Amino acid sequence: MTDTMDQQSNSVLPGLAWVDRGLGWIKRRERAVVIVGVGFQVVVLLAMIATPLQTLVAGDTILLRVVPVDPRDLFRGDYVILNYEFSRVPPQGIPGLQSTDLRGQTVYVTLVPEEDGKHWRADRFSLRPPTSGRFLRGQMTHSHRIEYGIESFFVQEGEGLRYERAVRSRKLSAEVALDRTGKAVLKRLVIN
């Protein structure tokens, strides 16, 4: 009876023998496996930090005017939802953009300086990056909305009302770092 049970367990377990060998290998190298696992996580976190940090450090800084959005949805907790005049597809559309291509489509917005010499505004929209000048790279989120990664900003607790008033009176600007590929990182909000 015991021989029969041993034969049955041996016939079921050979398929799991590789698991047992793998666990044994890991057990013998437990310290190295933990170090490699932690090291991998640190590398991933550093990469997530390095990309926006590179734009902040090496990118050009520009000011963009923030336009009001529905004040009932303006603040959720301690961050501000921002909208820009170039966050919507212009009425004339974007050359080459078909209605079937919308979600996830990369869009480029060429920027030109405003008359005040401080702020920048949208000049042209295209599906290809401009060859010169400053531009933003965004993604279509649905039929008429483009997001650039600069649509929200965390503020200190209790400061939200001040920013809300500034947005309503059109006195809020966003200071943005912009790299040569059109990637933008929001640095701070400026009340004029």
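On a predicted model such as this, the values are computed, not experimentally measured, just so you know.

J.: What is the right way to read the overall build of the chain from this model?
T.: Across its full length, the chain carries 4 helices and 9 strands. For the chain, the succession of helices and strands along the chain, N to C, is α-α-α-β-β-β-β-β-β-β-α-β-β. When burial is assessed residue by residue, the chain has 31% of its 192 residues classed as buried. For the chain, the proportion of contacts with a sequence separation of at least 24, taken over those separated by at least 6, is 64%. As presented, the chain carries roughly 12900 Å² of accessible surface, and 55% of it is formed by carbon and sulfur atoms.

J.: I keep staring at the environment of Thr61 and nothing clicks. Help me out?
T.: Inspection of the secondary structure puts Thr61 in strand β1 (residues 60–65). We classify Thr61 as partly exposed; its relative accessible area is 38%. Separated by 123 residues in the primary sequence, Thr61 and Ala184 place their C-alpha atoms 9.4 Å from one another. With residues up to four places along the chain from it excluded, the contact list for Thr61 reads Arg134, Glu175, Val176, Ala177 and Lys187.

J.: Would you mind going over unusual backbone geometry with me for this structure?
T.: Most peptide bonds adopt trans geometry, and most residues besides glycine take a negative phi value. In this structure, Arg170 is a non-glycine residue whose phi angle is positive, near 60°. You can call Arg170 exposed: its relative accessible area is 55%.

J.: Could you clarify how one ought to interpret helix α3 (residues 30–58) in this entry?
T.: A rise of 1.5 Å per residue sets the reference length of α3, with its 29 residues, at 42 Å; its end C-alpha atoms lie 41 Å apart and thus fit the reference within 8%. In the structure, α3 departs most strongly from a straight axis at Ala50, where the bend amounts to approximately 25° and where the proline Pro52 lies between one and four residues downstream.

J.: I keep staring at the sheet that holds strand β9 (residues 184–191) and nothing clicks. Help me out?
T.: Backbone-to-backbone hydrogen bonds pair the strands of a sheet. The strands run either parallel or antiparallel. Pairing within the open sheet is mixed, and its 7 strands lie in the order β6-β5-β3-β4-β1-β8-β9. Strands at the two margins of the open sheet, each flanked by one partner only, are β6 (145–147) and β9. In this sheet, adjacent strand axes meet at a mean angle of 45° when their direction is disregarded. Alignment of β1 against strand β8 (residues 172–178), held across 6 bridges, turns out to be antiparallel. What sits directly across from Leu63, in β8, is Glu175. Along the sheet, α3 contacts β1, β8 and β9; its crossing angle with β9, the most-contacted strand, is approximately 55°.

J.: Is there a simple way to think about the nonpolar core in this case?
T.: Counting residues in each nonpolar core, the largest one holds 34 residues, and the members touching the most others are Leu64, Leu82, Tyr84, Phe86 and Phe125. The greatest single-element share of this core, amounting to 4 residues, is contributed by β8. Dropping the residues within four chain positions of it, Leu82 is found in contact with Val66, Arg145, Ile150, Glu151, Phe153, Leu172, Leu186 and Leu189.

J.: Would you take a moment to explain the pairing of β8 for this structure?
T.: In the case of a regular strand, side chains alternate between the two sheet surfaces. Counting buried residues in β8 gives 7 out of 7 residues, a clear majority hidden from the surface. Every second residue of β8 is oriented toward a common face, with Leu172, Ala174, Val176 and Leu178 on one face and Ser173, Glu175 and Ala177 on the other, all of them buried. Of the strand pairs in this sheet, β8 and β9 are connected by 7 bridges, and their pairing is antiparallel. The residue of β9 that forms the bridge with Leu172 is Ile191.

Reading guide: rules and limits
- The residue numbering used here restarts from 1 in each chain and proceeds along that chain's sequence as written.
- Where totals are concerned, whole chains, interfaces and linings use all residues; where local detail is concerned, this predicted model gives features only for residues with pLDDT of at least 70, and gives and counts side-chain atom pairs only at 80 or more.
- Excluded from the side-chain calculation are hydrogens and water; included are all heavy atoms of the structure.
- Per the convention used, a helix needs a DSSP run of H or I reaching at least four residues, while a strand needs a run of E reaching at least two, with both numbered from the N terminus.
- Residue exposure (1.4 Å probe, protein chains only): buried if accessible area is under 20% of the type maximum, exposed if over 50%, otherwise partly exposed.
- Contacts are assigned to residue pairs with any non-hydrogen atoms lying within 4.5 Å of each other.
- In this description, accessible areas are obtained by the Shrake-Rupley approach with a 1.4 Å probe, and a residue is regarded as covered only by the protein chains that are shown.
- Any helix carries an expected span of 1.5 Å times its number of residues minus one.
- Take the seven residues that end at a residue and the seven that start at it, fit an axis to each, and the angle between those axes is the bend at that residue.
- Only strands joined by at least two bridges in the DSSP assignment are considered to pair.
- Only the stretch in contact is used when a helix axis is fitted, and all axes are lines through C-alpha atoms; the angle between N-to-C directions ranges over 0 to 180 degrees.
- Throughout, nonpolar core names a set of buried Ala, Val, Leu, Ile, Met, Phe, Trp, Tyr and Cys residues whose side chains join them through atoms within 4.5 Å.

Purely spatial values, then, with no claim about function.
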